[in-house]
Amino acid sequence: MSPESSLAREQEKIDDAAKQDQQEKPKKKKVAEAAVRMKHVTKRFGSKLAVDDLSLEIRAGRVYGLIGPNGAGKTTTFSMLAGYLQPTDGNIEVLGFSPHQVSELKSRVGVLPQDAILPPLDKVGEFLMHMARLQGTSRDRAESMARAVLDEVEGRDWWNQRCSSLSHGMAKRVQLAQALLGDPDVVLLDEPTGGLDPRSAYEVRQLIKGRKGRCTLIVSSHNLQELEEICDGAAILDRGKLVASGTIAQLTGASEEVHVKIGRPPRGMDASAYRATSADSIVSRGIQRVRDLPIVKRVEYDDEKNELVVYFERSGEVDAEMVIGHVLWALLQEQVRISGVIKGRGLERRVMDLTDEED
Ligand SMILES: Nc1ncnc2c1ncn2[C@@H]1O[C@H](COP(=O)(O)OP(=O)(O)OP(=O)(O)O)[C@@H](O)[C@H]1O
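Read on for a plain summary of the structure. (Residues numbered from 1 in each chain as written. Predicted model: local features only at pLDDT ≥ 70, side-chain atom pairs only at ≥ 80, totals over all residues. Heavy atoms only, no water.)

1. Considerations on the sheet that holds strand β11 (residues 296–302)
Phase 1: Here 4 strands make up an open sheet; going across it, the order is β11-β12-β10-β13 and the pairing antiparallel. In the strand order of this sheet, the two ends are held by β11 and β13 (338–343), each with one partner. On average, each strand axis in the sheet is inclined to that of its neighbour by 15 degrees, with strand direction left out of account.
Phase 2: Taken together, the 5 bridges between strand β10 (residues 257–262) and strand β12 (residues 307–312) define a ladder with antiparallel strand orientation. In the strand pairing of β12, Glu 257 is matched with Tyr 311.
Phase 3: Together, β10, β11 and β12 form the strand contacts of helix α11 (residues 282–291), whose direction differs from that of β11 by roughly 160 degrees. (Pairing = 2+ DSSP bridges. Helix = DSSP H or I, 4+ residues; strand = E, 2+ residues; numbered from the N terminus. Axes fitted to C-alpha atoms, helices over the stretch in contact; angles between N-to-C directions. Contact = heavy atoms within 4.5 Å.)

2. Notes on the nonpolar core
Phase 1: Of all hydrophobic cores here, the largest spans 48 residues; its most connected members are Val 174 and Leu 189.
Phase 2: Tallying contributions element by element places helix α6 (residues 168–180) first for this core, with 7 residues.
Phase 3: With residues up to four places along the chain from it excluded, the contact list for Leu 189 reads Phe 78, Leu 112, Leu 176, Ala 179, Ile 208, Leu 217, Ile 218, Val 219 and Ser 220.
Phase 4: Membership of the second largest hydrophobic core comes to 26 residues, among which are Ile 58, Ala 82, Leu 105 and Ile 218. (Core = buried A, V, L, I, M, F, W, Y, C linked by side-chain atoms within 4.5 Å. Buried < 20%, exposed > 50% of the residue type's maximum accessible area, 1.4 Å probe, protein only.)

3. Concerning the pairing of strand β8 (residues 233–238)
Phase 1: Counting buried positions along β8 gives 6 out of 6 residues, so the element sits mostly inside the fold.
Phase 2: The side-chain alternation of β8 yields two buried faces, one formed by Gly 233, Ala 235 and Leu 237 and the other by Ala 234, Ile 236 and Asp 238.
Phase 3: As paired strands, strand β3 (residues 63–67) and β8 are joined by 4 bridges and run parallel to one another. Within β8, the residue paired with Tyr 64 across the bridge is Gly 233.
Phase 4: Where β8 lies against strand β9 (residues 241–247), 6 bridges are found, and the strand directions are antiparallel. Residue pairing across strands places Ala 234 opposite Gly 246, the latter belonging to β9.
Phase 5: Taking the residues between adjacent antiparallel strands as the criterion, β8 and β9 are bridged by 2 residues, where Arg 239 takes a positive phi near 50 degrees.

Written as structure tokens, this is what we have:
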């Protein structure tokens, strides 16, 4: 065979492969503006009301948290979004389809269930390739997809390892890799960092942040600091009911209150001359200065926690950063020692305020 005809044959092969690849990758449908729409959704298990008249809209491209104490209905909600459970009442749309329209949503929704179990005898690579093949891809493409996601969860060395030999954290990351296979438009992650050591949990958070903008991620976690760090918005559920939803800033009041932790008195100073328990102390004078600031609406002081809460109205130039500057200046003028400042009350405290203790 002449070198020219051999080259032409090679080129034909490349063209065929590219054509096949094009056929295998169905054109992504237009991404709906709302990735998820739930309208008056209820789920009953016999007499147990697990989800109670839940309405929620999650915009495409967001990282969205589902928050709530044990039994709040998070996993039930995930299961309905994934199409594993049928709602008793109400309507659910994922990317504009019912979760049961499997052929329309195939490869567009990735799911990490809370208690996912890997097939113990499969090797990690085999398992991921099998899951990729279920999306209708060729063997070659399935392998490259599987290797790419395994790489993303830092598990490239586990390709030939049996699933039964993985530690809990490794298994969780393989399950996460499975949820990310094929670049889905919506990814449902139920407790993605549950049971992971701090470093692995940090890496998973980085990975979720790295996917931001590429898809919609809906994440459930009991680690509220984690959700505050990675999410744009969240819904708080309690006993199946939606008790609050919005952006993280709205939920935490980050745009209307500032918390200042007051430090201990300097060594050698009499506590009564410093602490707010006496009217003319350093801290009392500092608080009065803060109260006198025109941008401040209201001030509360918790003497037990040594914490000052400053409420303000966000408008024009007035934002949390500006208020922090003025408040710190006022306190420093009176030599008040400051050991910390946060915008808003933190998601953890907000969730505590909104969710009741178990009966
Ligand atoms: N298959 C089922 N049969 C009966 N009741 C169920 C079933 N699944 C869930 N429930 C109940 O529905 C309620 C919500 O459970 P769900 O698992 O959705 O809560 P969750 O917010 O995910 O809790 P956790 O944080 O503990 O995982 C609970 O009271 C639970 O006991």
